[in-house]
Structure formats: structure tokens, C-alpha cells
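# Summary of the model geometry
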Amino acid sequence: MRIVCIGGGPAGLYFGLLMKRRHPEHSITVVERNKPYDTFGWGVVFSDAMMRAMRAADPESAKEIADAFNHWDDIELIFKGTRQRTTGHGFIGIGRKQLLNILQRRCEEVGVELAFEQDAKSDLQFPDADLIVAADGINSRIRERYADAFRPDLVVRPNRYIWLGTRKLFDAFTFDFRRTENGWFQAHIYKFDRDTSTFIVETTEDTFAAHRLDQLDQEGSIAFCEGIFAETLGGASLMTNARHLRGSAWLNFNRLICGAWSHFNGRSHVVLMGDAAHTAHFAIGSGTKLALDDAIELAKQFDALGHGREHVAPALAAYEDVRRVDVARIQNAARNAMEWFEVVGRRYADTMEPEQFFYSMLTRSQRISHENLRLRDPHWLEGYERWFARRAGLTVSNDERPLPPMLTPYRVRGLSLANRIVVSPMAMYSAKDGLISDFHIAHLGARAMGGAGLVFAEMTCVSPEARITPGCLGLWNESQQREWKRLVDLIHSVGHAKAGVQLGHAGRKGSTRVAWDGIDQPLNHDNWPLLSASALSYLPHGQVPRAMDRADMDKVRDDFVAATRRAAAAGVDWLELHCAHGYLLSSFLSPLTNVRQDEYGGGHENRARYPLEVFRAIRAVWPEDRPISVRLSCNDWTAGGNTPDDAEIFAAMFKAAGADMIDCSSGQVSKAERPVYGRLFQTPFSDQIRNEAQIATIAVGAISEADHANSILAAGRADLCAIARPHLADPAWTLHEAARIGINAISWPKQYAAAKGQYEANLARAAAGAEAK
Ligand SMILES: Cc1cc2nc3c(=O)[nH]c(=O)nc-3n(C[C@H](O)[C@H](O)[C@H](O)COP(=O)(O)OP(=O)(O)OC[C@H]3O[C@@H](n4cnc5c(N)ncnc54)[C@H](O)[C@@H]3O)c2cc1C
Ligand SMILES: Cc1cc2nc3c(=O)[nH]c(=O)nc-3n(C[C@H](O)[C@H](O)[C@H](O)COP(=O)(O)O)c2cc1C
């Protein structure tokens, strides 16, 4: 075959090399517009796993690369006058020039033709090529030429960065955060050869503009950065080698995803590789890895399918199939890390203490969890857990294993929770006339014995017409209050758990069947009339609610107040106001369900007016020493609906009205929603609200392991974690998860104590067995 790689970066060179070394009969040319030793950039970072893959692909270049590598284990943070360090992270750095030179030499050795100083104007310049690899980087001309086929989706990210170097050597991957009068600058610093370190400086667009950095040339920018990081540089200077860039050399990162990676131009197959096909932000430093992995995979597909012309199309299809999955995974992690750096100043750096800030930074991609950090640096992690536990009020000696974050106590107003795990409210549709039944006593009693600090019963409705279904709980009469007291007394008598009630009104989602008879479907008979912010039905064939008038508002507010008084009298410890999931109060907050023209519709203040009125009314009668949380749908997942930014605004309003916490849920407001599910998928909403609106939060949604909860709490992404479905599967989730992470210092109900030691021993044995394998 005749193969032309346009672009002599890591992708083009490595693919040329791998194909030629295995099949010398191919004629392969790499076309590069720069001179042989002329390249941008300083060092690149790899992992040990990448080296293994390269050793298998071409042992000769892998050996040279490994010999040239600088290996280091530590990450250091310089922040607010402190220096913190952790180890066990395993990076390798190499100069980009050195890497390319090794690959260039190997290409020459195996007979790849390297054509430098040739700017390829088009793929049609190579009409005899069977395969053209567009490895021409992020600004790929070839990709743009066939944009209709490749469907690039390019997003220019808001932060600015400048890629510099310094002769000062750093023995750890170092992050340095500095605040100026206009905002934060951060430096990402790592050594990559015997006498040079990469020094990338990043800031937000606002801070960039406020310092008028766009008006400085490269020298001016360098002098500015030297001033900001003078203490860390200790007299060393910064350097640029981005001669190819005009102007200030401050760049925006471009995030790229392509709809297709290959195209037939009428003569040749054209395939995208490396940065031409996808990008990953330098916050996780994997762009070069992705480029090399692409090259390895395509060469592998030719080996598997055959090296003839007829194999090009199937090889390209198989390459894209395999690589897409891995690229999506890395882009996901890179997106989390990138977004962390985009908001770091206002969200974390301004307010967090250095210890928690460091933890948050280390877990920014959300690929590294709490237990993962323990594997890397157990001593550091235990120190952090000790810091967290002490801040939560525990006395921990320096030689004692501290309790992990989820098992530390939490205090709000006059209430102390024994730990930070919450049984999330879950409708059971098993009440008659709104009354707590034996089922609820058994169900919630079991969960109260299961270790969680707070046990919520399901949404409890403030009037018969406020119910979702005829099977929902209520709190509008004496007998319901009496049964609630029985439940609360039981919860208090069997362990440390506190009892929570979630008060709600179904609004336009009321008068429906119990879940197992058709969720959200109208009742077959005995429907009751519905109220909502506007006269819009939830389902096309559902009942159309009446838009509430002022008299309705007064009545419903008073129902909430009466139910609150009853909950207080029943001894309930915690009240949550349900303003989520499209129910009545949520229907006011969302522009999808609130189209009112009066003072209760329109902007944020108007849409929140009635929910806040209800909140203030219940806060006024709820005992001063007991907390109230508010559950919000932090994302409607529908165009035109509320976004996390809207939720942040509402959270600040509820905070000002006296709310203690926001319970950060999402969705169920519109049938048109397109939620993006996944592990911890709602935690980013909690993170944003907690750290920007500065109100305590509950994270909920696909949190299913102790490791998840500990990672969230330790990083300050929430104050409590609510666990719903896992508690249906396992009432003793907290006790079992504690045992699974080796924590024995948690008490089981005395009646069950005999099982504890055996359970823990079995888990320890299973873990030891798994490790031995
Ligand atoms: C600040 C920063 C830090 C980074 N840090 C890391 C890191 O630590 N680790 C990491 O793995 N990655 C890192 N990267 C990403 C990494 O540099 C790229 O992902 C990687 O170089 C992609 O390789 P590539 O071969 O696809 O493209 P490139 O390396 O961009 O190579 C493309 C080549 O094509 C040539 N070319 C373009 N057009 C033409 C044409 N028309 N004719 C001829 N030649 C052409 C260019 O001159 C260039 O040499 C970083 C990137 C940035 C911006
Ligand atoms: C059976 C069931 C009933 C639920 N009922 C309620 C409810 O009454 N009130 C509420 O706010 N959320 C309710 N939810 C949502 C949960 O509280 C929780 O937010 C959601 O299930 C995500 O958490 P998970 O991934 O841990 O299950 C319910 C969830 C389930 C599975």
C-alpha cells in the first residue's frame, strides 16, 4: 500500500513507524510542514500503562523513550501560603522534542520517508495514496475540508493558558495557585528532562481581560507570569518556544469530538488520527497518549484484517469502533478536570481551606476516588481523614485510624446526626387514607437499624388532594399524626437514626395510579381535581390542572403549615420541603410548567415567590432548633427548562429565607427530559450549589458505594449523601458498606451484634482472597 501521513506529530510518526516495521513492503511518507527539530511545546506526561503498550508495539523506540523519561511520584500543591504533598501517583515526563526525535529516528531506521518543510495543502496532492492519515493536529486542514463527512464539534473553552518552560527543576508535579486583585492564576508545573520544566499558566477569561493580557506580547506575558509566580520560581525565568504563535500566545483550549473518523475522497481513504480527531485537555495530560493509542490500534487492525488495499475500509471502521470508546472515557475525565480548573477560583479557591482544596484538586477528574487515593498514599489519606474527622468534632489521636468522612457526625441547628448517610425519601404507595401502616413501620424501622444517620419517610402529603396516588402518606389529621409519632418513637428507640419527613403536594402530577399499576397514569375512577402553577397537564392525556389563584395559594400554604405543626408534635427531627420533580412547588420554579403572567411567573424572583412564601410560613412554625432542607430539581434536562445555574439562584433565595440545606436532585419536571445518567450524575449540582451559593447540600443519585460517598464528602461536594435504591436492596447499607471498607468501629443494633464479627471476617477473607489472585 501507499500510505501518506499528513503531520509529523506523535500520531503521524508513530503510525508510520508501526506500519513500516511490520510490513516493509508498504511505501510510507510522513509529510511535516516544520523542520526536523522545530516543534512547539515542552514536556508531555505519560503513565506506566502507556509505556507497556508502547513496549508491545515497538520495543526499540519504547526503550529509548523509557531511558529518556523522568519519573516522579509526588504531587505538590502551593496554595494560600501552604505547601502540601502526596505521593504514589506515578507519572513520567519527556520533552516533546525528544519524543519526536526518537520517533523520527526510528522512522528513518525502518524506512519511512520523512518529508519535512512541506505544507500539505490538500489530501488530493497524494492521488496515488491508498490511505491518507490526517494527523495534522487540532487545526487539521484535512478535517475541515471534509467537515460534512467528519462532522467536527469544536467547543472553545473559556479559560486562557500559556505554555511556558523554565530551567528551575521541580521534583513533583506541582500546582501553584496565586490570587491577584482580579482573580486567580494557576500554574501546572512538571520537570521533563535534566534541565527543564514545563510551566503552564492558566486563568479565566475575566481575569485575563482585567489584567489586559491580550495587549501584551510574549515577552510582556512572560514578565507578568514571572511576577505572579516569583516566589515559586525563586529567581528563575520563564521561557517560550512558541515561535509559531503570533500575539500574546495565550490560547483557549478547543474541545473536539468528531461524528465520523474516516472518509473516501474518490481515490483514497482518509482517516483522522490524534488531535485531528479528538482532544483531551492538558488538565489530565493525555493528548499524546490518545494520539499514540490511535496509531497502535489502527496498525493492530491492519494486522488482524490484512494489509491489502481491500482491507483499508474494514480496518478503518474497526479502528473507529474500538477507539471511540476509550476516547470518550478519557474525554469525560478530561472534561471534569478541565471544568474544575475553569471554576476553581470562585468555587473552591476563595473559600476552601488548603487541606480540602488539595483533596478536591486530586479528585477533580472523578476517576480517582477515596479508596484509590488510599492505595496511592495511605499515610496522606489517613492524615486527611483525621483532619476531616476533627473538623466534624471527633477527637482522634494521631495513631488511631480515623473514621472516614461518611461516618463522621454532622451538626445543624440543635440536631446532631451520627453520620452523613441519609435514607432518601422513597414513595412506597402502601398507605390507606394517608396512614402509616405496619408496612411503613417494618420498612422504615429496618432502615433505622441499618446505620444511616437520618431516615426519611416518603413524600408525605399535606392534604388528600395533595397526594400523588391513593397509596401516599399524609399528615393532615389526628390519626396520621398519632401514627407518625409511633414511627418516630420506633426510629428513635432502635438506634441513633433521626427521623425526617418530606412534605409535599403533588400538583399536576396528582391523582395517579400507584407505581406498579402505571406510574403517572391517571386513576381509572375517583380522580380528584388538580392544582398547578399553570393549566398544563403532565401527560398529553392527563388531567389538566387549574392554575392556582390566590385563594388556592392561601389554602395550600396553610395545609403545609398545619402539616408542619403536626410533624413537630410527632417529634420529627428534620423537615424537607419538596420543591422538586414537577410537583406543585416545583411547577412554580420551572419555566416549562409556569407560564403565569402575574407576579408568580416570569423571572427567578417571581417563579420562586410562592415556594418561598410556603417555606417562610413553615419555617415560622417549625421548632427553631430543627433543620429544614429543600429538595430542588437542579436540572430539568429539557431545552428551555431550569439549569444548574437557575438552581443555584433558587438555592441562594432559600438560603436567605432560612433554609439549612439544599437536597440536590433533578428532573421529572417534563416528559421531554433527556437526563444524562451515570455514576454520581447529580453530584455536580450539589458541588456547584454548595460551593457557589455557599449553602450546605445533600448529594443524591447513583451513589452506591461507601467509596462514592467518602469521595463526595471529603472533596466538599456535599455535606450529606442520600442513598435511595441501594437502601431498598439493603436496609443496612451503611453498616455493610462500613464493613466492606474495613471499618469495625461502628455499632450494630445490640440484637444483631452476634452477626457483626462474622460478617466482617467473611468480608476480610474475601478481600484477602481477591488480592492474592
Ligand atoms: C498546554 C498543553 C499541554 C499539553 N500537555 C500534554 C501532556 O502533558 N501530555 C500529553 O499527552 N499531551 C499533552 N498535550 C497534548 C498534545 O500536545 C497533543 O495532544 C498531541 O501532540 C497530539 O498529537 P498529534 O500528532 O495528533 O498532533 P500534533 O502534535 O499537533 O502534530 C500535528 C503535526 O502536524 C503538522 N501539520 C499540521 N498541518 C500540516 C500540514 N497541512 N502539512 C504538514 N504538516 C502539518 C504540525 O506541524 C504538527 O507537527 C498538551 C497540549 C497542550 C496545548
Ligand atoms: C421507589 C422510589 C420512590 C421515590 N420517591 C421519592 C419521594 O417520595 N420523594 C423524593 O423526593 N424522591 C423520591 N425518589 C427519588 C429518590 O429519593 C432519589 O432521589 C433517587 O432514587 C436517586 O437516588 P438513588 O440513585 O440512590 O436511587 C424515589 C425513588 C424511588 C426509587
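All figures in this text were calculated on a predicted structure; none of them were measured in a lab.

Quick look at the packing of helix 2 (residues 48-57) against helix 10 (residues 287-305) now. Contact pair helix 2 / helix 10: the axes reach a minimum separation of 11 Å and the direction vectors enclose 30°. Classified by the angle between their axes, helix 2 and helix 10 sit roughly parallel to one another. Between helix 2 and helix 10 lies a crossing of left-handed hand. Only Lys289, Leu292, Asp293 and Ile296 of helix 10 make contact with helix 2, whose side of the interface consists of Met50, Ala53, Met54 and Ala57. Across the contact of helix 2 with helix 10, the residue classes break down as 6 nonpolar, no polar and 2 charged.

The next thing to look at is helix 1 (residues 10-22). Every α-helix carries 3.6 residues per turn, so stepping three or four residues along brings you back to the same face. When the terminal C-alpha atoms of helix 1 are compared, their 18 Å separation across 13 residues agrees well with the 18 Å that a helix rising 1.5 Å per residue should span. Where burial is concerned, most of helix 1 is hidden: 11 out of the 13 residues are buried.

Below, the discussion takes up the site of ligand 2. Neighbouring residues of ligand 2: 16 residues in total, closest Ser424, Pro425, Ala427, Ala702 and Arg725. In this structure, an oxygen atom belonging to ligand 2 sits 3.2 Å away from a main-chain N or O atom of Met459. Gln502 places a polar side-chain atom, nitrogen or oxygen, 2.8 Å from an oxygen atom of ligand 2. Relative to its unbound accessible surface of 600 Å², ligand 2 loses 82% to contact with the protein. For the shell around ligand 2, the class distribution of residues is 9 nonpolar, 5 polar and 2 charged.

Turning to the site of ligand 1, a few remarks are in order. In the vicinity of ligand 1 there are 33 residues, among which Ala11, Glu32, Arg96, Asp275 and Thr288 approach most closely. Within the backbone of Ala11, a nitrogen or oxygen atom sits 2.9 Å from an oxygen atom of ligand 1. Between ligand 1 and Asn34 there is a distance of 3.4 Å, counted from an oxygen atom to a side-chain nitrogen or oxygen. When isolated, ligand 1 has an accessible area of 990 Å², and the protein chains bury 93% of it. With 4 residues, the single largest contributor to the shell around ligand 1 is helix 10.

Okay, the side chain of Ser711 next. Here Ser711 is to be found in helix 22 (residues 706-714). Under the relative-accessibility criterion, Ser711 is labelled buried at 10%. Here Asp707 takes part through its backbone oxygen, which lies 2.6 Å from a polar atom of the side chain of Ser711. Excluding anything up to four places from it in sequence, Ser711 contacts Tyr359, Ser369, His370 and Arg717.

What describes a pair of aromatic rings is the distance from one ring centre to the other and the angle between the planes of the rings. All chains considered together, the criterion is met by 37 aromatic pairs. Ring geometry for Trp72 against Tyr190: centres 6.3 Å apart, planes inclined by 10°, an arrangement best described as stacked. Pair noted here: Trp72 is in strand 4 (residues 70-72) and Tyr190 is in strand 12 (residues 183-193), with a separation of 118 residues, a long-range link. An angle of 10° between the planes, with centres 6.5 Å apart, marks the rings of Phe177 and Phe341 as stacked.

Within the largest apolar cluster, 212 residues are counted, with the highest numbers of intra-cluster contacts made by Tyr14, Phe15, Phe177, Phe357, Trp484 and Leu632. For this core, the element with the most residues is helix 11 (residues 312-349), which contributes 16 residues. Among the nonpolar cores identified, the runner-up in size contains 19 residues, and Phe185, Ile189, Cys225 and Phe229 belong to it.

This paragraph deals with helix 17 (residues 550-569). Between its terminal C-alpha atoms helix 17 stretches 29 Å, which fits the 28 Å expected from 20 residues at 1.5 Å a residue. Among the residues of helix 17, the N-terminal cap falls to Asp549, whose side-chain oxygen and the backbone nitrogen of Ala551 are separated by 3.2 Å. Just downstream of helix 17, Gly571 is the residue with a positive phi angle, here 90°.

Below, the discussion takes up the environment of Ala333. Summarising the element assignment, Ala333 is placed in helix 11. Residue classification places Ala333 among the buried residues on the basis of a relative accessible area of 3%. Sequence spacing of Ala333 and Arg557 is 224 residues, and the spatial spacing of their C-alpha atoms is 45 Å. With sequence-adjacent residues up to four places away left out, Ala333 is seen in contact with Ile284, Ser365 and Arg367.

With that settled, the discussion passes to the pattern of salt bridges. Applying the stated criterion across every chain yields a total of 60 salt bridges. Across the salt bridge formed by Asp128 and Arg2, the nearest N and O atoms sit 3.2 Å from each other. On the criterion of sequence distance, the pair formed by Asp128 in the loop between strand 8 (113-115) and strand 9 (131-134) and Arg2 in strand 1 (residues 2-6) is long-range, its members being 126 residues apart. Linking Asp119 and Arg141 is a salt bridge whose minimum nitrogen-to-oxygen distance equals 3.1 Å. Taken together, the residues Asp119 in the loop between strand 8 and strand 9 and Arg141 in helix 5 (residues 141-145) connect sequence positions 22 residues apart. Relative accessible area serves as the criterion here: at 35%, Asp119 is assigned to the partly exposed category. Among the ionic contacts, a cluster of salt bridges with common partners joins Arg21, Asp58, Glu60, Arg106 and Glu109.

On to the environment of Asn252. When you line up the elements, Asn252 lands in strand 15 (residues 251-258). In the structure, Asn252 is positioned 48 residues away from Thr204 in sequence and 9.9 Å away in space, judged by C-alpha atoms. Sequence-distant contacts of Asn252, that is, excluding residues within four places in its chain, are made with Val156, Arg157, Pro158, Asn159, Arg160, Tyr161 and Glu205. A distance of 3.2 Å separates a polar atom in the side chain of Asn252 from the backbone oxygen of Asn159.

This part covers the sheet that holds strand 9. Across the sheet, which stays open at both edges, the 6 strands sit in the order 8-2-1-9-17-16 with mixed pairing between neighbours. Sheet topology places strand 8 and strand 16 (262-264) at the edges, where each strand pairs with a single neighbour. Across the sheet, the axes of successive neighbouring strands diverge by a mean angle of 20°, strand direction being ignored. The pairing of strand 1 with strand 9 spans 4 bridges and is classified as parallel. Bridge pairing links Ile3 to Leu131 in strand 9.

This part is about the pairing of strand 2 (residues 27-31). Within strand 2, 4 of the 5 residues are buried, which leaves it mostly tucked inside the rest of the structure. Handedness of the crossover joining strand 1 and strand 2 through helix 1 is recorded here as right-handed. Bridge count for strand 2 against strand 8 is 3 bridges, and the pairing is parallel. Each bridged residue has a counterpart across the sheet, and for Val31 the counterpart in strand 8 is Ala115.

Conventions we followed
Residues numbered from 1 in each chain as written. Chains lettered and ligands numbered in written order. Predicted model: local features only at pLDDT ≥ 70, side-chain atom pairs only at ≥ 80, totals over all residues. Heavy atoms only, no water. Axes fitted to C-alpha atoms, helices over the stretch in contact; angles between N-to-C directions. Helix = DSSP H or I, 4+ residues; strand = E, 2+ residues; numbered from the N terminus. Parallel < 35°, antiparallel > 145°, perpendicular 65-115°, else oblique. Left-handed = near helix turned anticlockwise from the far one by under 90°. Contact = heavy atoms within 4.5 Å. Nonpolar A, V, L, I, M, F, W, Y, C, P; charged D, E, K, R; others polar. Expected span 1.5 Å × (residues − 1). Buried < 20%, exposed > 50% of the residue type's maximum accessible area, 1.4 Å probe, protein only. Near = heavy atom within 4 Å. Polar contact = N/O pair within 3.5 Å; in protein donor to acceptor, adjacent residues only side chain to side chain. Areas by Shrake-Rupley, 256 points an atom, 1.4 Å probe, with all protein chains shown as cover. Phe/Tyr/Trp six-rings, centres within 6.5 Å; stacked < 30°, edge-to-face > 60°. Core = buried A, V, L, I, M, F, W, Y, C linked by side-chain atoms within 4.5 Å. Salt bridge = Lys/Arg side-chain N within 4 Å of Asp/Glu carboxyl O. Pairing = 2+ DSSP bridges. Right-handed = clockwise from strand over helix to strand, strands pointing away.

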